[in-house]
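Examination of the molecular architecture
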Amino acid sequence: MSLQQDIQDIARRAKTAAARCAELSSAQKDAWLLHAAGTLETRRAAILEANARDLAAAREKGVAEPLVNRLALSESKWRDMIAGLRDVASLPDPVGSVERTHVRPNGLRVGRMRIPLGVIGIIYESRPNVTVDAASLCVKAGNAVILRGGSEALQSNLALADALRCAARETDVPEDAIGIVDVTDREAILHLVRLDREIDLIIPRGGPGLIRTVTENSTIPVIKHDAGVCHVYLDASADPEMAVGIVIDSKLRQMAVCNGLETLLCHRDAAATVLPRVLKALHEEGVEVRGDARTCEVFGDARPAVESDWTEEYLAPIVACRVVDGMDEAVDHIRRYGSDHTEVIVTESYAHSEEFLHRVNSSVVGVNCSTAFADGYRLGLGAEIGISTSKLHAYGPMGLEGLTTLKFVLRGDGQLRE
């Protein structure tokens, strides 16, 4: 069988499985999620051994250590992955819920019912825990999923997917509801994104090259985010201690993630007081500061920034910093250079916080909190399929509801259109 036929066979089996998944009860789907958590725990040693092979291969190829860390199924990642399965099982099932019911003048009752999307293709890089997160959310929302991970995590992904499919065989979920592409050939992506008869949605998660390949070649609707150029704006009234804590957590909690801080903006009235403390704390943690002229004036260890720094997703111990004259300039900077991902203001002014929330329309906008909260698990979604910066259908971290759509349901007692 050729690669194209192999991919098409996976998609056709997923389409058949999706029809069955759409009719599963919440109890049946939750039973699979809980059994999958147990199966993963039982196979933990074998899965971690597969992960170790991926890590060794990545280091042998000279992959940068921050990117190697993305591959690792650390103790905390494993714990979160298992907890995510159980959390998704505990979430309300959106499928079948009826919203926005109203009655027309002729007595016809009109509502909108949540239904699964169908078959969802996930194309992702690095993080093997995405295999579990994506499958759990897709199946809970009544969908089938086709997983195509990166070559760097192939052994981990195959081991995880096999455990999920095994749990499906032992419960009521069809095994082919969790499809896995087991080849690393990039040609597989091109075949996958053109199967619009079998697949209903493509979600790419990875670097600019992957996103570009998918969007330029897909005949299937795509939900994506291109980059995570996230901002923290220190307002004139920012509390210095709070500012240091928020900036440090936003930048250093985990640098190789899309919700990490990349650009720091500071009101000119806080430039001589709050900003030096914040930048000193970053510098002491090994973060390189690239600043505009006013930043370099107040912090001598800063390097002069260039235009490209404002659009850079570093995913590394580097931060860009700019001093602005006020809210208008901060908002203009975010609109011009941002990626519609996550922006936060640090302020003691209620008026300024409300203005920021209303004027900045990125997918996640916060007041006095870390950018790290732009995460499905932290926002109460159980887990996330990804973060969308495409405004159509879903925006921001996508959980169960983002993996469904709405159909109209009509209830009458003989009404005819006249």
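Placed above this text is the structure.
All figures in this text were calculated on a predicted structure; none of them were measured in a lab.

**Some points on the packing of aromatic side chains**
In the structure shown here, the tally under the stated rule is one aromatic pair. Judged by centre distance (6.4 Å) and plane angle (20 degrees), the ring pair of Tyr233 and Phe356 falls under stacked. Linking Tyr233 in strand 7 (residues 230-234) with Phe356 in helix 14 (residues 350-359), this pair joins segments that are 123 residues apart in sequence. When its relative accessible area of 1% is taken as the criterion, Tyr233 is described as buried. The residue whose ring lies beneath Arg112 is Phe408, and the NZ or CZ to ring-centre distance is 4.3 Å. The cationic tip of Arg322 hangs over the ring face of Trp310; the distance from NZ or CZ to the ring centre is 5.3 Å.

**Description of empty space enclosed by the protein**
A full pass over the atoms with the stated rule returns one cavity of 30 Å³ or more. In this structure, the largest cavity encloses a volume near 40 Å³. Together, Ile203, Pro204, Arg205, Ile223, Lys224, His225, Gly386, Ile387, Ser388 and Met398 line the largest cavity. Put simply, the parts of the chain that give the lining of the largest cavity at least two residues each are strand 6 (201-205) and strand 14 (386-388). Of the residues assigned to the lining of the largest cavity, the class counts are five nonpolar, three polar and two charged.

Basis of the calculations
Numbering of residues starts from 1 in each chain and follows the order in which that chain's sequence is written. Where totals are concerned, whole chains, interfaces and linings use all residues; where local detail is concerned, this predicted model gives features only for residues with pLDDT of at least 70, and gives and counts side-chain atom pairs only at 80 or more. Values reported for side chains reflect all heavy atoms of the structure, with hydrogen atoms and water molecules removed beforehand. Within 6.5 Å between ring centres, the rings of Phe, Tyr and Trp (the latter by its six-membered ring) count as paired, and their orientation is classed by plane angle as stacked under 30 degrees, edge-to-face over 60, tilted in between. Think of it this way: any DSSP run of H or I at least four residues long counts as a helix, any run of E at least two long counts as a strand, and we number them from the N terminus. When accessible area is computed with a 1.4 Å probe and restricted to protein chains, residues below 20% of their type maximum are described as buried, those above 50% as exposed, and intermediate ones as partly exposed. Only Lys NZ and Arg CZ are tested; either one counts as a charge over a ring when it is within 6 Å of the ring centre and within 35 degrees of the ring normal. Lining residues are those with an atom within 4 Å of a point, where the points come from a 1 Å grid over the protein atoms alone and group into cavities, where a 1.4 Å probe fits but cannot get out, or pockets, open sets with protein on both sides within 12 Å along at least five of seven lines. Grid points are joined across faces, edges and corners, and a volume is the space filled by probe spheres set on the points. Put simply, Ala, Val, Leu, Ile, Met, Phe, Trp, Tyr, Cys and Pro go in the nonpolar bin, Asp, Glu, Lys and Arg in the charged bin, and everything else, Gly too, in the polar bin.

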